[in-house]
Amino acid sequence: MANPPTKEQERLAALLQEGRTFSQPDEFRRQANVRDPKIYDEAERDFEAFWAAEAEHLDWFKRWDKTLEWNVPWAQWFVGGKLNATYNCVDRHAHSARRNKAALIWEGEPGDSLVLTFGMLEKEVNRFANALKSLGVKKGDRVAIYLGMVPELAIALLACAKLGAPHSVVFGGFSAESLRERINDAKAKVLITGDGAWRRGHVVPLKHHADEALRDTPSIERVVVVQRVGAAAPTSLEPGRDFWWHELVAQASDQCEPEAMDAEDILYVLYTSGTTGKPKGVVHTTAGYLVGVATTHRMIFDIKENDIYWCTADIGWVTGHSYIVYGPLANGCTTLMYEGSPDYPDRGRFWSIVAKYGVNVLYTAPTAIRTFMRWGTEWPARHDLSSLRLLGTVGEPINPEAWVWYHQHIGRERCPIVDTWWQTETGMIMISPLPGLIATKPGSATKPFPGVRAEVLDANGQKVGPGAGGYLVLTRPWPAMFRTIYGDPDRYVAQYWSRYPGKYFTGDGAKVDEDGYFWLLGRVDDVMNVAGHRISTYEVESALVDHSAVAEAAVIAKAHELKGQAIAAFVTLKDGIPPSEELKAALRQHVANKIGAIARPEEIFFTPELPKTRSAKIMRRLLRDIAEGRLLGDTTTLADPAVISKLKQQYEEEGKGE
Ligand code: PRX
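The following refers to the structure shown. (Residues numbered from 1 in each chain as written. Predicted model: local features only at pLDDT ≥ 70, side-chain atom pairs only at ≥ 80, totals over all residues. Heavy atoms only, no water.)

Along its length, the protein carries 21 helices and 30 strands. Expected size for 658 residues packed as a compact globule is a radius of gyration near 26 Å; at 25 Å, the protein falls within 12% of this value. Taken over the C-alpha atoms alone, the protein extends approximately 70 × 60 × 55 Å along its principal axes. Scored against the burial criterion, the 658 residues of the protein give a buried share of 59%. Sequence-distant contacts, at least 24 apart, represent 71% of the contacts inside the protein between residues at least 6 apart. (Helix = DSSP H or I, 4+ residues; strand = E, 2+ residues; numbered from the N terminus. Rg over C-alpha atoms; globule rule 2.2 N^0.38 Å. Buried < 20%, exposed > 50% of the residue type's maximum accessible area, 1.4 Å probe, protein only. Contact = heavy atoms within 4.5 Å.)

On to the layout of surface pockets, then. Computed from the structure, the second largest pocket encloses a volume of approximately 250 Å³. Glu177, Glu181, Lys278, Glu539 and Ser542 are the residues nearest the centre of the second largest pocket, which is lined by 14 residues in total. At the level of secondary structure, the elements contributing two or more residues to the lining of the second largest pocket comprise helix 8 (176-186) and helix 18 (537-545). Taken together, the residues that form the lining of the second largest pocket break down as 4 nonpolar, 3 polar and 7 charged. (1 Å grid on protein atoms, 1.4 Å probe; cavity = no way out; pocket = protein on both sides within 12 Å on 5 of 7 lines; lining within 4 Å. Points joined across faces, edges and corners; volume = space filled by probe spheres on them. Nonpolar A, V, L, I, M, F, W, Y, C, P; charged D, E, K, R; others polar.)

A word on the packing of aromatic side chains. One pass over the full model with this rule turns up 43 aromatic pairs. Their ring planes at 85° and their centres at 5.8 Å tell us that Tyr289 and Tyr326 sit as a pair that is edge-to-face. In this pair, Tyr289 sits in helix 11 (residues 287-300) while Tyr326 sits in helix 12 (residues 318-330), placing the two residues 37 residues apart along the sequence. When its relative accessible area of 1% is taken as the criterion, Tyr289 is described as buried. Each residue in the set Trp70, Trp74, Trp478, Phe482, Tyr492, Tyr496, Trp497 and Tyr504 is aromatic and connected to the rest through ring pairs, giving one cluster. Sitting over the face of the ring of Phe174, Arg182 holds its NZ or CZ atom 4.3 Å from the ring centroid. Cation over ring: Arg382 sits above Trp379, and NZ or CZ is 4.4 Å from the ring centre. (Phe/Tyr/Trp six-rings, centres within 6.5 Å; stacked < 30°, edge-to-face > 60°. Lys NZ or Arg CZ within 6 Å of the ring centre and 35° of its normal.)

Attention now goes to helix 4 (residues 47-55). Every buried residue of helix 4 is listed here: Phe47, Phe50, Trp51, Ala52, Glu54 and Ala55. Of the surrounding secondary structure, the elements contacted by the buried residues of helix 4 are helix 3 (38-45), strand 1 (66-71), strand 2 (74-79) and helix 11.

Here the structure, examined in full by the defined rule, presents 52 salt bridges. Linking Asp141 and Lys189 is a salt bridge whose minimum nitrogen-to-oxygen distance equals 3.1 Å. With a gap of 48 residues between them, Asp141 in the loop between helix 6 (118-134) and strand 6 (143-146) and Lys189 in the loop between helix 8 and strand 8 (190-194) connect regions that are remote in the sequence. For Asp141, a relative accessible area of 14% translates into the label buried. A cluster of three or more residues bridged by salt bridges with shared partners is formed by Lys207, Asp211, Glu238, Arg241 and Asp242. (Salt bridge = Lys/Arg side-chain N within 4 Å of Asp/Glu carboxyl O.)

Strand order across the open sheet formed by 4 strands is 21-22-24-25, with antiparallel pairing between neighbours. The open sheet is flanked by strand 21 (454-457) and strand 25 (518-523), the only strands paired with a single partner. The mean inter-strand angle of the sheet, taken between neighbouring strand axes irrespective of direction, is 45°. The pairing of strand 22 (residues 470-474) with strand 24 (residues 504-512) spans 4 bridges and is classified as antiparallel. Within the sheet, the bridge partner assigned to Leu474 lies in strand 24 and is Tyr504. (Pairing = 2+ DSSP bridges. Axes fitted to C-alpha atoms, helices over the stretch in contact; angles between N-to-C directions.)

Take unusual backbone geometry next. Omega for the peptide link from Val72 to Pro73 comes to -5°, which places this bond in the cis form. Take Pro73: it is sitting in the loop between strand 1 and strand 2. The omega torsion across Tyr344 and Pro345 is 0°, close enough to zero to call that bond cis. The residue Pro345 is located in the loop between strand 17 (334-338) and helix 13 (349-357) in this model.

Taken together, 17 residues lie near the ligand, and Asp419, Thr420, Thr424, Arg523 and Arg534 sit nearest. In this structure, an oxygen atom belonging to the ligand sits 2.8 Å away from a side-chain N or O atom of Asp508. One of the side-chain nitrogen or oxygen atoms of Arg534 is found 2.7 Å away from an oxygen atom of the ligand. Here the ligand has 540 Å² of accessible area as a free molecule, and 95% of this is covered by the chains. Contributing elements (two or more residues each) for the shell around the ligand: helix 12, strand 20 (417-420) and strand 25. When its residues are assigned to classes, the shell around the ligand shows 6 nonpolar, 6 polar and 5 charged. (Near = heavy atom within 4 Å. Polar contact = N/O pair within 3.5 Å; in protein donor to acceptor, adjacent residues only side chain to side chain. Areas by Shrake-Rupley, 256 points an atom, 1.4 Å probe, with all protein chains shown as cover.)

Written out as structure tokens, the structure reads:
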């Protein structure tokens, strides 16, 4: 480190000082949708009235009788109201001045593209809804969807919602087994999949995985297959069971009446990882969800009528459900959907898309931003990013370095950044700045959304003081909250509402500073966050012990420069099985096959023994200390303290964790 810091480095260091506040440029504030700070006080005083006023933005077949029925922890919002989500997202715009406005802009990975106006989208959705009807789908039937980011994915969601058939989207990167598990839990009647999906110029053989899953999914009666990759993945259809999407819609009418849904009818189920057991089906209902996502989308992203809005998530996750499909479309906003990876065909792909369409609002993840940082500023510098007005992030805590890089090199110091904290369960953004009102601090999601109440508690349920860490809880119902775990209401109560009775336990650690700003500190349970994807240690451990060579496994998340967290597995082999590099590779692949590539451990470490307490509980905390190169924490409760010191020595000798 012989060189003195450059001016630029000095400037950056100053920006990164903890607590530095960025006020939004006047130019932005003057044009912001929400400019009056009274919104916070008013919503705080009467949050039901706040949400009821927002619900007026939707079109109702029948107005609700009661805004909220709250029997802790069971919520009903807009009780007695009738509406249809797709009618609100598509039809009403198609029959307004927005008819010829772009609803969905789709950019394909190889460079093909498609624009559907609201008028065109209405017809596509109707055709496919009629196709589903012809396959026997009725209100209440569950439909599983396993696709890449093709326009048919958004159309399929909306077609299901039009019929009142709850969809259950399974991320296209999940394995056959993960798909099967989710189909069976939801008892889905129909599966919508594709011949394949493009990923960095390669084909993901979706139908092949689907066929494998379908060997043991008794509830599935029919399968619809979208043709995306054609000859690149020769696909066979099983007569009587499988149908091509394009053949079904070719015969279908483009007229379809929306089903009048009860406010509390299920809109969708989406599976996510919990601390124990299998992934759980998070249930979202119709009215409250739509009110929550439309309101937050309009206010937080400061949406204007002519905006091009791009959320880079995959619709396989909640971010895509809420902020690619339902929120933007409910607001009549043009939403952009991109099929591929940020580095295909080159590392400037995102920025060329921003320039090509004149994207005004960009919503992405810290893990992507850190990757862009590593690729260098020359990529964004080559493109015209002057259309951008506002930037968002979601999925994991954003480190201040990445925040400042995003601000400088993408936002060119003009665009506010909204760091949005929320979860699959919350359905909508819960903690985030309103960009016209709240000054930002890099690394803080700032304040709860109007009407939302969040607290940080200690283990005894007492509020902690400014700056002290604790558990983040939400203390008031909100309209987009999940209503239960599909088929498992006890788990809903036990996992989320029992630790602090009457309060929603988020599973996240947080602190609040002197200004009332929230700083998220990551999960406090056994859920890992790898590149913004939620995976439980339990799932990966189960996949490892499923391999014939493995006796026992303990999985932890270790800090990772790009992904935020990476998966490290400590594995004990069965007697007589020699450790080898080949076996490590085989185990990593085994996990990818069982769950999906996102769960592939970054690192596998063979050990003759795992550190356990006297009651035989594996001490993951100590394994984390080892993997992250720290001094070992308290080891007094271990059954045999020698195990851990040996393990640490062995780990260091093998040169891990550098
Ligand atoms: O730990 C928090 C983290 O992501 C978790 C929720 O994951 P999932 O249900 O998959 O939804 C992700 C997208 C909404 C949270 O418990 N998380 C999400 N956003 C943030 C975050 N952590 C810090 N800051 C955020 N902005």
